[in-house]
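As a plain string of letters, each chain reads:
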Protein chains: 2
Amino acid sequence: MIKIVLIGAGNVASHLYKAFGKTAVAEVIQVFSQHAESLSEYKEEVETTTSLSKLKPADLYLVAVKDDAITQVITEISKPARFIVHTSGSVAMPNVSGKNGVFYPLQTFSKNVDVDFSNIPICLEASEEKSLELLQELANSISEKVFSISTEQRKSLHLAAVFVSNFSNHLYALAAEFCEANQVPFETLHALMLETTRKAVENNPNEVQTGPAIRHDQETIQKHLGQLKDPQLKEIYSILTKSIQAHGKKL
Amino acid sequence: MIKIVLIGAGNVASHLYKAFGKTAVAEVIQVFSQHAESLSEYKEEVETTTSLSKLKPADLYLVAVKDDAITQVITEISKPARFIVHTSGSVAMPNVSGKNGVFYPLQTFSKNVDVDFSNIPICLEASEEKSLELLQELANSISEKVFSISTEQRKSLHLAAVFVSNFSNHLYALAAEFCEANQVPFETLHALMLETTRKAVENNPNEVQTGPAIRHDQETIQKHLGQLKDPQLKEIYSILTKSIQAHGKKL
């Protein structure tokens, strides 16, 4: 049984806590948060603390706090015997005394939406082979998609994730606003959104590109630019259209 | 039984043909294409023709050809007694003698991928009430999501569709290229893509925006810009980041 001290009580931490609760391989023995109120939902099930100096002995210290707090927390809890990992896609692997690693679940987590961890890729990194094996055992117990990758690869994935998740969500948001302003229900686009993503997952997205840009349908493109009043929307439309056309030529 | 002459044998036409084949409300009695070879798959099931002057009498002439060919085809087949509709999101409603309309299925169609039409929104427009009723009967027989909308609303939807479908697919394509160049498997992002879209469909996408842009995490943004070598990718990253931040402020 891998004994885990979970540092953090936010989205990632709470989803990991639930996932570990379902496996016999691991047990969360303590949860830390600097905010006592964040610990209320854990209190009846597990030991909690608001003090980093009161962490229990454990096989793994899993730091799932905001990116900009990671280094400080890790420095503070570091001890030669401790195995410390964080869950971030963009922060370098901890480099403190003892064993270090990364346990990065590549998914977008929402507070109250349960997720099926078995489908979530978990990207691992560790400072030594033995530590990697422990992380693999832990990751395999909750997910079917476990990858050992380098720091560089993880940073590339994190950047690619911004494009496919944060940026595509923003396009949805812009479309939703545009629909509202033009009195059409955004819901009408839901089936299209889901099918577009399904298609990009089942094919090479470069090969299933559709729309006026890739058809070089200049008439429709001009009509669309005329419909867009917001200069920033116009700019986004233009630059993505140009990029689609540049890639179409390259292929 | 609504007798339909289908003009066109491309993606939209072939998917509509299959959908109409499953309903007792309508029957496709003839399929036109100017390319004989496109008709080969229809020939054993239905009358076909490569001549617009040989169309049979029917209740509805459904023009599912490329946007830039629609007007010419409609002008050529127009007769006072004919009810002619097209299936485009961006072309104005036909304005020829007789009855006119639009039958716009809002979805991205791929040649060999079957679709469940019951979930596909169909947007209708017609020059007269009686014609609209016929289109409604037809649309309701294959889809549970039928909308009567104005030309302006249809054009807005079509533009919004470019953002949520063509542009988001292009972001997927850029991410796939970036992954390949940096030797990480794009498949690692599949679960994230599907979950992001599911979340945007079940929530207001403005309210579930995540990532370094909305967190104003300048350190990560600068790291990402440093990782991007292609100037066009850098520009897309910058403009979408700015747009996310501008919207975050407005909300």
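Scroll up a little and you will see the structure.
Conventions used here
- Residues numbered from 1 in each chain as written.
- Chains lettered and ligands numbered in written order.
- Predicted model: local features only at pLDDT ≥ 70, side-chain atom pairs only at ≥ 80, totals over all residues.
- Heavy atoms only, no water.
- Contact = heavy atoms within 4.5 Å.
- Buried area = accessible area lost by both parts, 1.4 Å probe.
- Salt bridge = Lys/Arg side-chain N within 4 Å of Asp/Glu carboxyl O.
- Polar contact = N/O pair within 3.5 Å; in protein donor to acceptor, adjacent residues only side chain to side chain.
- Helix = DSSP H or I, 4+ residues; strand = E, 2+ residues; numbered from the N terminus.
- Nonpolar A, V, L, I, M, F, W, Y, C, P; charged D, E, K, R; others polar.
- Pairing = 2+ DSSP bridges.
- Axes fitted to C-alpha atoms, helices over the stretch in contact; angles between N-to-C directions.

Caption draft 1: Broad picture of the interface of chain A and chain B. At the interface, 85 residues of chain A touch 85 residues of chain B. Both sides together, the interface formed by chain A and chain B hides about 8200 Å², and carbon and sulfur atoms give 68% of it. Put simply, chain A and chain B have 0 salt bridges between them. On inspection of chain A and its partner chain B, the count reaches 34 residue pairs in polar contact (both at pLDDT 80 or more). Sorting the residues of the side of chain A that touches chain B by element identifies helix 4 (151-181), helix 5 (190-202), helix 6 (218-227) and helix 7 (231-250) of chain A as the ones contributing at least two each. The element best represented in the side of chain A that touches chain B is helix 4 of chain A, accounting for 26 residues. The residue makeup of the side of chain A that touches chain B, split by class, is 45 nonpolar, 30 polar and 10 charged.

Caption draft 2: Layout of the sheet that holds strand 6 (residues 99-105) of chain A. Residue and element names in this part refer to chain A. Taken together, the 8 strands give an open sheet; going across it, the order is 3-2-1-4-5-6-7-8, and neighbouring strands pair in mixed fashion. In the strand order of this sheet, the two ends are held by strand 3 (47-49) and strand 8 (146-148), each with one partner. Averaged over all pairs of adjacent strands, the angle between their axes in this sheet comes to 25 degrees, without regard to strand direction. Here 5 bridges tie strand 6 to strand 7 (residues 122-126), and the two strands are oriented antiparallel to one another. Within strand 7, the position partnered with P105 by the bridge is I122. Where helix 3 (residues 129-140) meets the sheet, it contacts strand 1 (2-7), strand 2 (26-32), strand 4 (60-63), strand 5 (83-86), strand 6, strand 7 and strand 8, and its direction lies at approximately 165 degrees from that of strand 7.

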